[in-house]
Structure formats: C-alpha cells, structure tokens
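Residue-level listing of the chains:
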Amino acid sequence: MENKAIKELTDVELAAKIAELRREKLNLKIQSRTGQLEKTAHVREVRRDIARCLTETTARAAKAEVAK
C-alpha cells in the first residue's frame, strides 16, 4: 500500500485497515509456522504496511494536538 493511498483514508477507515492488516499478519504467521506459506516476503510487506498506517495515525494525532 502506498503512502498516498494511506493519506487519503479517513480515521475510521485507517483504524479498520490497521485491524485488517493485523489479522492478515496473524494468519501469515500461522501459515509460516505450519509450513503453508508460499511467499515469505508477504509477511514483511504486511508488517511495513502496518507501520505506515500507524505512522500516519500518529502524525494526524500530533497535527490535531498542535491545532488545539
């Protein structure tokens, strides 16, 4: 997921995306442990997407606090 797409999401959509990515990360972790995971690089991509979303959430919170 690109940063541009993440910035276009609303706060509610961003929270939902984080939850979805965390579920996907858990599923990939389970697949990895059971030997069913084919694309091991996908775990890394999901982890980085989570980080991007959390970074955007933190930036929005900081921006909202400065605006107060």
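Attention here is on the structure that accompanies the text. (Residues numbered from 1 in each chain as written. Predicted model: local features only at pLDDT ≥ 70, side-chain atom pairs only at ≥ 80, totals over all residues. Heavy atoms only, no water.)

## Considerations on the environment of K25
Working step 1: Mapped onto the secondary structure, K25 falls in helix α2 (residues 11-34).
Working step 2: Spatially, the C-alpha atoms of K25 and A5 are 20 Å apart, while their sequence positions differ by 20 residues.
Working step 3: Not counting residues within four places of it along the chain, the set of residues in contact with K25 comprises V46, R47 and I50. (Helix = DSSP H or I, 4+ residues; strand = E, 2+ residues; numbered from the N terminus. Contact = heavy atoms within 4.5 Å.)

## Some thoughts on the nonpolar core
Working step 1: Listed in full, the 10 residues of the largest apolar core are I6, L9, L14, I18, L21, L28, L37, V46, I50 and C53.
Working step 2: Within the residue set of this core, elements represented by two or more residues are α2 and α3 (41-67).
Working step 3: With 4 residues, α2 is the largest single contributor of residues to this core.
Working step 4: Residues in contact with L14, not counting those within four places in the same chain, are I6, L9, C53, E56, T57 and R60. (Core = buried A, V, L, I, M, F, W, Y, C linked by side-chain atoms within 4.5 Å. Buried < 20%, exposed > 50% of the residue type's maximum accessible area, 1.4 Å probe, protein only.)

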